[in-house]
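So you can see what is in the structure, the chains are spelled out below.
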Number of protein chains: 2
Amino acid sequence: MNMEPIKQRYSRQRETILQVVQSTLVHPNADWVYKETRKIIPNISLGTVYRNLNQLVESGRILKLKDEAMVRYDGNTGQHDHFRCSKCGKWYDVELIDQSIFKSFAEKHDFQIESFNLELEGTCKNCLDS
Amino acid sequence: MNMEPIKQRYSRQRETILQVVQSTLVHPNADWVYKETRKIIPNISLGTVYRNLNQLVESGRILKLKDEAMVRYDGNTGQHDHFRCSKCGKWYDVELIDQSIFKSFAEKHDFQIESFNLELEGTCKNCLDS
DNA sequence: AAGTTAATAGTAATAGTTACTGTTATGTTT
DNA sequence: AAACATAACAGTAACTATTACTATTAACTT
Ligand SMILES: [Mn+2]
Ligand SMILES: [Mn+2]
Ligand SMILES: [Zn+2]
Ligand SMILES: [Zn+2]
């Protein structure tokens, strides 16, 4: 009798990477995750970080965000929007904007709209003050 | 007496690149623009295309869009939003969503919000039919 | 016409990411 | 518990989009 083939095995590397991403609010890129994870697993390979980040995205355990010419990751998988400071490049969470207008918007189109992604940009409090 | 220094000189390359971007609805990437422009200026360099696309963005004559791991350009500088098909990767223009909710949203934050960018994603009519 | 320098073609370099390869380790089957 | 199958690994090479460099050309100024 054939069992379902194994889809994913446990690895200390993957669990550590997940914890690293989940433990921060900075919405890090792969290199940041690599450097942080190396503090725990000093000989981990950058390729391993990329491969596992992609897997974690695919399995829905983290989110993938597009920055300028770079990918960022988010351990917060709850629904929320983002604000990006164009001065310092930092990403901030903001509460999800009311989706109702989007739904009525979707009805007007013959596209099958699956997701609305709102990106806010401007200058953050920190950069305004200094 | 000193005149203002010249900021930008005319170049056939730049004007052709602008016309190429303005003449299409495909929201092309640099390579597409390069190939199209080569039909008119066969020996144009890819570096020239990149440099001029960046200048045209800076001077506000075209728009810059972020795709998955690539930049796209838009000759339509009027206010509008975009829908991206996750199946075929094509970008479509959609009318600008009502901005009023965004404005009230902005008032709730201590960020200085300068732009709202709405990205719609899903499956386009073409891909649904086939 | 001579001078200044923006813009160019062509090419090298960079940065982020993915692919490859031989080895290790996780989970399964006997 | 031993043998097995293969997911995952570390290390490294390759790839892709973009930018930087350099010697030459051409747009504008005087
Ligand atoms: Mn977030
Ligand atoms: Mn458009
Ligand atoms: Zn800032
Ligand atoms: Zn499509």
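A few points on the structure. (Residues numbered from 1 in each chain as written. Chains lettered and ligands numbered in written order. Predicted model: local features only at pLDDT ≥ 70, side-chain atom pairs only at ≥ 80, totals over all residues. Heavy atoms only, no water.)

Examining the coordination of the manganese ion (ligand 1)
All names here are of chain A.
In step 1: The coordination sphere of the manganese ion (ligand 1), as far as protein atoms go, consists of His27 (NE2), Asp74 (OD), His80 (NE2), His82 (NE2) and Asp93 (OD), spread over 2.0 to 2.3 Å.
In step 2: Linear spacing of the donor residues for the manganese ion (ligand 1) on their chain is H-x46-D-x5-H-x1-H-x10-D. With a gap of 47 residues between them, His27 in the loop between helix H1 (12-22) and helix H2 (30-38) and Asp74 in strand S2 (residues 70-74) connect regions that are remote in the sequence. Note on accessibility: His27 and Asp74 belong to one class, buried. (Donors = N, O, S within 2.8 Å, 3.2 Å for Na, K, Ca; no water. Helix = DSSP H or I, 4+ residues; strand = E, 2+ residues; numbered from the N terminus. Buried < 20%, exposed > 50% of the residue type's maximum accessible area, 1.4 Å probe, protein only.)

What about the relation of the copies chain A and chain B?
In step 1: Between chain A and chain B, the superposition needs a rotation of 180° and an axial shift of 0.0 Å, giving an RMSD of 0.1 Å. Here the two chains are linked by the operation of a two-fold rotation axis. Closest to the rotation axis within chain A is the C-alpha of Leu118(A), separated from it by 2.3 Å.
In step 2: Of all interface residues in chain A, 100% are interface residues in chain B too; the two copies therefore contact each other through one and the same surface. (Least-squares fit on C-alpha atoms with pLDDT ≥ 70 in both. Contact = heavy atoms within 4.5 Å.)

Side note on the coordination of the manganese ion (ligand 2)
Note on metal geometry: ideal angles are 109.5 degrees for four donors arranged tetrahedrally and 90 or 180 degrees for six donors arranged octahedrally.
In step 1: Around the manganese ion (ligand 2), the protein supplies His27(B) (NE2), Asp74(B) (OD), His80(B) (NE2), His82(B) (NE2) and Asp93(B) (OD) as donor atoms, at distances of 2.0 to 2.3 Å.
In step 2: Of note, the manganese ion (ligand 2) draws all its donor residues from one chain, in the sequence arrangement H-x46-D-x5-H-x1-H-x10-D.

Structural notes on the sheet that holds strand S3 (residues 81-85) of chain B
In step 1: Across the sheet, six strands lie side by side as S4(A)-S3(A)-S5(A)-S5(B)-S3(B)-S4(B); this open sheet has mixed pairing. What marks the edges here is a single partner per strand, and that holds for strand S4 (91-94) of chain A together with strand S4 (91-94) of chain B. Between one strand axis and the next, the sheet turns through 30° on average, direction left out of account.
In step 2: Pairing of S3(B) with S4(B), which is carried by four bridges, proceeds in the antiparallel orientation. Within S4(B), the residue paired with Asp81(B) across the bridge is Val94(B).
In step 3: Sheet strands touched by helix H4 (residues 100-107) of chain A: strand S5 (112-123) of chain A together with S4 and strand S5 (112-123) of chain B. Its angle to S5(A), the strand with the most contacts, is close to 130°.
In step 4: On the sheet, helix H4 (residues 100-107) of chain B packs against S4 and S5 of chain A together with S5 of chain B and is oriented at approximately 130° with respect to S5(B). (Pairing = 2+ DSSP bridges. Axes fitted to C-alpha atoms, helices over the stretch in contact; angles between N-to-C directions.)

Considering the protein's contact with DNA strand D
In step 1: Close contacts around DNA strand D come from 22 residues, with Ser11(A), Arg14(A), Thr48(A), Arg51(A) and Tyr50(B) the closest.
In step 2: Considering the 4 Å shell around the protein, atoms of DNA strand D inside it are sugar or phosphate in 70% of instances.
In step 3: Here a phosphate oxygen of DNA strand D and a side-chain polar atom of Asn54(B) are 3.2 Å apart.
In step 4: Going through the elements one at a time, H1 and helix H3 (46-58) of chain A together with helix H3 (46-58) and strand S2 (70-74) of chain B are the ones with two or more residues in the surface near DNA strand D.
In step 5: Looking at which element gives the most residues to the surface near DNA strand D, the answer is H3(A), with four residues.
In step 6: The class makeup of the residues in the surface near DNA strand D is nine nonpolar, nine polar and four charged. (Near = heavy atom within 4 Å. Polar contact = N/O pair within 3.5 Å; in protein donor to acceptor, adjacent residues only side chain to side chain. Nonpolar A, V, L, I, M, F, W, Y, C, P; charged D, E, K, R; others polar.)

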